[in-house]
Amino acid sequence: MKAVIIGYRRGPGKIYQGISLVRALGWDGSSDLTGWTVVARDRHGNVYEGRVLGRYGRGNVLRVRFSRNIPGQMLGVPADLSPATS
């Protein structure tokens, strides 16, 4: 499934850079994507992998914790969303 990184999780006075917000494209919201894997690549070839923590709000936005915090240049970059492999 395709996804787009849309930003960092935000609070009233703080930005949580460890948790990114990712919009799932083509997801109807009926299934639970918690635990799925998100893989994003930047233009230099660096690979960022993360896990879905849960939903964010009522739309198609998910909270994702990446193994390394993503830089601000990654906002708006497409990512791949796939089921977790155990």
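(A) Seen up close, the nonpolar core. Membership of the largest hydrophobic core comes to 19 residues, with the highest contact counts inside it found for Ile5, Val38, Leu62, Phe66, Ile70, Met74 and Leu81. Among the secondary structure elements, those contributing two or more residues to this core are strand S1 (2-10), strand S2 (15-24), strand S3 (37-41), strand S4 (47-55), strand S5 (61-66) and strand S6 (78-82).

(B) The sheet that holds S3, seen in detail. Here we have six strands rolled up into a closed barrel, ordered S1-S2-S5-S4-S3-S6, and antiparallel in their pairing. Sheet twist, expressed as the mean angle between neighbouring strand axes with direction ignored, is 45 degrees. As defined by bridge partners, S2 adjoins S5 across five bridges and the pair is classed as antiparallel. Bridging across to S5, isoleucine 19 finds its partner in arginine 65.

(C) Layout of the pattern of salt bridges. Counted under the stated rule, the structure contains one salt bridge. Between lysine 2 and aspartate 80 there is a salt bridge, and its shortest N-O distance comes to 3.1 Å. You can see lysine 2 sitting in strand S1 and its partner aspartate 80 sitting in strand S6, a full 78 residues away along the chain. Taking the relative accessible area as the measure of exposure, aspartate 80 reaches 33% and is therefore partly exposed.

(D) Fine view of the pairing of S4. Of the strand pairs in this sheet, S3 and S4 are connected by five bridges, and their pairing is antiparallel. Within the sheet, the bridge partner assigned to valine 39 lies in S4 and is glutamate 49. Hairpin connection, S3 to S4: the antiparallel pair is bridged by five residues, and glycine 45 has positive phi, about 95 degrees. Relative to S5, S4 runs antiparallel, the two being bridged by five bridges. Across the sheet, the residue bridging to glycine 50 is phenylalanine 66, located in S5. Following S4, the chain reverses through five residues before pairing antiparallel with S5; glycine 57 in that reversal takes a positive phi of roughly 80 degrees.

(E) Representation of the side chain of aspartate 42. Its place among the elements puts aspartate 42 in the loop between S3 and S4. Buried charge without a partner: aspartate 42 forms no salt bridge, and the closest opposite charge is arginine 68, 6.5 Å away. Of the polar contacts made by the side chain of aspartate 42, one reaches the backbone nitrogen of glycine 45; its length is 3.1 Å. Engagement of the side chain of aspartate 42 in a polar contact is seen with the backbone nitrogen of asparagine 46, the distance being 2.7 Å.

About the thresholds
- Residues numbered from 1 in each chain as written.
- Predicted model: local features only at pLDDT ≥ 70, side-chain atom pairs only at ≥ 80, totals over all residues.
- Heavy atoms only, no water.
- Core = buried A, V, L, I, M, F, W, Y, C linked by side-chain atoms within 4.5 Å.
- Buried < 20%, exposed > 50% of the residue type's maximum accessible area, 1.4 Å probe, protein only.
- Helix = DSSP H or I, 4+ residues; strand = E, 2+ residues; numbered from the N terminus.
- Pairing = 2+ DSSP bridges.
- Axes fitted to C-alpha atoms, helices over the stretch in contact; angles between N-to-C directions.
- Salt bridge = Lys/Arg side-chain N within 4 Å of Asp/Glu carboxyl O.
- Lys, Arg positive; Asp, Glu negative; His and termini not counted.
- Polar contact = N/O pair within 3.5 Å; in protein donor to acceptor, adjacent residues only side chain to side chain.

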